[in-house]
Amino acid sequence: MSVRSSDDSAALSPDRERPATHWRSLAAAIATISAVGMAIGLGIPLLSVLLESRGYSASLIGANTAVAGLASIAAAPLSAPIAARFGVVRSILAMLLLGGFAFLGFHFFQALWAWFLLRVVLHFALTALFVLSEYWINASAPPEKRGLVLGIYATTLSLGFALGPWIFAQIGSTGMLPFGIGFAIIMLAAVPVLLAWKDSPDFEDGEHVPFVPYIFAVPTATAAVFVFGAVETGGFALFPVFGARIGYSESEAALLLTMIGLGNVLLQIPLGIISDRIRDRRNLLLACAAIGLAGMVLLPFIIGNWYLVAGLLFLWGGVVAGLYTVGLAHLGSQLTGRELASANAAFVFCYAVGTLAGPQAVGIGLDAMGPKGFAVVLGIFFALYMLIAAFRLLAHKKRA
């Protein structure tokens, strides 16, 4: 087994050897993971509200939510071997069934220990779905339009995440209905997969490819998604605390989070198109991190003007999300086959680790430095990534 560096020359790029894209295949994978995103957007607030209504402490609710990250870390390295053994489509269908019944199980099993177990099962299945769907999308996307395809993927996924909480707001948390709807959404995600069964990119025969080396094979991509996971989760989880400490009302802080999400939805396709038109996507990743850092440097100076903050966070949220979209496109441009599946597992693994590290780091920063700690810690994440990306680019230029 050989693991190529992201500095491989264009002559060695597997993009030149990829078959023509299957648009039905792309549509199936994107529709599937968007439906799963909708179920996650419904489930996260639903479960938290129900636990709170039963009198559990915030720390217990947080711990129950945190096991999702641990389940993701466990699932990421196992996803590619499962798909290699059973096939991509069969594995996706099995994970949809597992996730759907785990979601339904929250209604029938009330004990807190059962909810911990169900969280593990649910997020194991969901993480495997992310790994395999992103592999499917990356393997099927035409090289010259990979950024556009992944921009569409990120946009529809964001819309799914946004639609989930809206559904929750309409139906509430009472009774079987929210769990039944979540189960139905996950089951409906199987329809496009079944329609595109013959187009799925199953692995070639060959040796097992472990995922760990791919954490370091394309470091500009995996470091980008780690930083995005840390910034997204830490920023979203603790922005209400930051907002309260600087005098924003709960509704004002919530609207600012909405602006971040709106930027995420609207800017991924333009970023994807830009990434298709530049020679080296690492330059765009470096630019996304630089804008992320600049936003955090500027934020403390404009917090007195809510409208300026809203405009800043709209742009900041959309560009920072490009670390995921463009990072995934960069990953797909370097690898293929089982290598790409293992690299996708490494990509999701790094995201999951980031989601664990981010909230802890931002929380410590807020406690140690007050409100300014929010921007300082997020800024440090961006600065560290810029060092990695700049080093990789300089090393490539020296070798060239």
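Residues numbered from 1 in each chain as written. Predicted model: local features only at pLDDT ≥ 70, side-chain atom pairs only at ≥ 80, totals over all residues. Heavy atoms only, no water.

**Quick word on the overall build of the chain**
Applicable threshold: Secondary structure counts use DSSP, requiring at least four H or I residues in a row for a helix and at least two E residues in a row for a strand, with both numbered from the N terminus. Note that the radius of gyration is over C-alpha atoms, with the globule rule given as 2.2 Å times the number of residues to the power 0.38.
Looking only at helices and strands, the chain features 14 helices and 0 strands. Walking the chain from its N terminus toward its C terminus, one meets helices and strands in the order α-α-α-α-α-α-α-α-α-α-α-α-α-α. Taking 21 Å as the expected radius of gyration for a compact globule of 400 residues, we find that the chain reaches 20 Å, a close match to that expectation. Seen along its three principal axes, the alpha-carbon backbone of the chain occupies a region of about 55 × 50 × 30 Å.

**Concerning the environment of arginine 281**
Short version of the rule: Partly exposed residues are those whose accessible area sits between 20% and 50% of the maximum for their type, while under 20% is buried and over 50% is exposed, using a 1.4 Å probe and protein chains only. Only heavy atoms enter the contact rule, under which two residues are in contact if any of them lie within 4.5 Å. Polar contacts, as counted here, are pairs of nitrogen or oxygen atoms within 3.5 Å of one another; within protein the pair requires one atom able to donate a hydrogen and one able to accept it, and residues that are adjacent in sequence qualify only if both atoms are side-chain atoms.
Within the fold, arginine 281 resides in helix α11 (residues 281-302). Judged by its relative accessible area of 10%, arginine 281 is buried. Placed 50 residues apart in sequence, arginine 281 and leucine 331 show a C-alpha to C-alpha distance of 9.8 Å. In this structure, arginine 281 is in contact with Pro143, Arg146, Gly147, Ser275, Asp276, Val326, Ala329, His330 and Ser333, ignoring residues within four places of it in sequence. Within the structure, arginine 281 has its side chain in polar contact with the side chain of aspartate 276 (distance 3.0 Å).

**Regarding the side chain of glutamate 134**
As a reminder of what qualifies: Residues counted as positive are Lys and Arg, residues counted as negative are Asp and Glu, and His and the chain ends are not counted. Salt bridge, as used here, is a side-chain nitrogen of Lys or Arg placed within 4 Å of a carboxyl oxygen of Asp or Glu.
Position of glutamate 134 among the secondary structure elements: in helix α4 (residues 112-140). Here glutamate 134 is buried and forms no salt bridge, its nearest opposite-charge partner arginine 146 lying at an N-O distance of 12 Å. Within polar-contact distance, the side chain of glutamate 134 engages the side chain of tyrosine 324 at 2.3 Å. Not counting chain neighbours up to four residues away, the residues in contact with glutamate 134 comprise Tyr153, Tyr324, Leu328, Asn344, Phe347 and Val348.

**Thoughts on the environment of leucine 393**
Within the secondary structure, leucine 393 sits in helix α14 (residues 372-399). Given the relative accessible area of 8%, leucine 393 is considered buried. If near-sequence neighbours (up to four positions away) are discounted, leucine 393 is found in contact with Asp280, Arg282, Asn283 and Leu286.

**Let's talk about a nonpolar patch on the surface**
Inclusion rule: Only residues whose relative accessible area exceeds 30% and that form no salt bridge enter a patch; like-charged residues are grouped when within 9 Å of one another, and nonpolar side chains (Val, Leu, Ile, Met, Phe, Trp, Tyr) when within 5 Å. For every accessible area listed, the method is Shrake-Rupley and the probe measures 1.4 Å; residues are considered covered only by the protein chains on display.
On the surface, a cluster of nonpolar side chains totalling about 440 Å² of accessible area is made up of Met369, Val376, Ile380, Leu384 and Leu387. Counting residues per element, the nonpolar patch draws most heavily on α14, which supplies 4 residues. Following the sequence through the fold, isoleucine 380 ends up in helix α14. Under the relative-accessibility criterion, isoleucine 380 is labelled partly exposed at 45%.

**Some words on the packing of aromatic side chains**
For clarity, the threshold we go by: What counts as a ring pair is set by centres within 6.5 Å for rings of Phe, Tyr and Trp (its six-membered ring), and what kind of pair is set by the plane angle: stacked under 30 degrees, edge-to-face over 60, tilted for all other angles.
Summed over all chains, the structure comprises 13 aromatic pairs. Ring geometry for phenylalanine 242 versus phenylalanine 374: centroids 4.6 Å apart, planes at 15°, classification stacked. Taken as a pair, phenylalanine 242 in helix α9 (residues 219-245) and phenylalanine 374 in helix α14 lie far apart in primary sequence, 132 residues in all. The two residues phenylalanine 242 and phenylalanine 374 agree in class, both being buried. Among the aromatic residues, those joined into a cluster by ring pairs are Phe228, Tyr324, Phe347 and Tyr351.

**Examining the confidence of the model for the chain**
Our working rule: Note: pLDDT gives the predictor's confidence per residue, expressed from 0 to 100.
In this model, the chain carries an average pLDDT of 84, and 92% of its residues clear a pLDDT of 70 or more. Low pLDDT (under 50) marks residues 1-21, which in the prediction has 55 contacts with non-local residues, meaning those over four places away or in another chain.

**Overview of the pattern of salt bridges**
Taken as a whole, this structure holds 3 salt bridges when the rule is applied. Here arginine 245 and aspartate 367 are joined by a salt bridge, their closest N and O atoms 3.8 Å apart. Of this pair, arginine 245 sits in helix α9 while aspartate 367 sits in helix α13 (residues 337-369), and the two are 122 residues apart along the sequence. Arginine 281 serves as the salt-bridge partner of aspartate 276, at 3.0 Å between the closest nitrogen and oxygen. With relative accessibility at 22%, the residue aspartate 276 sits in the partly exposed group.

**Remarks on the nonpolar core**
Heads up, the rule is: The nonpolar core is taken to be a set of buried Ala, Val, Leu, Ile, Met, Phe, Trp, Tyr and Cys residues, with the residues joined through side-chain atoms within 4.5 Å.
Ranked by size, the top nonpolar core spans 126 residues in total, and within it Leu96, Trp136, Tyr153, Trp316, Leu323 and Tyr385 carry the most contacts. The biggest single contributor to this core is α4, with 16 residues. Among residues more than four places away in sequence, those in contact with tyrosine 385 are Thr220, Ala223, Ala224, Val227, Leu285, Ala289 and Leu323.

**Considering the side chain of aspartate 280**
Along the chain, the position of aspartate 280 falls in the loop between α10 (250-276) and α11. A polar contact of 2.7 Å, which involves the side chain of aspartate 280, links it to the side chain of arginine 282. Residues in contact with aspartate 280, not counting those within four places in the same chain, are Leu393 and His396.

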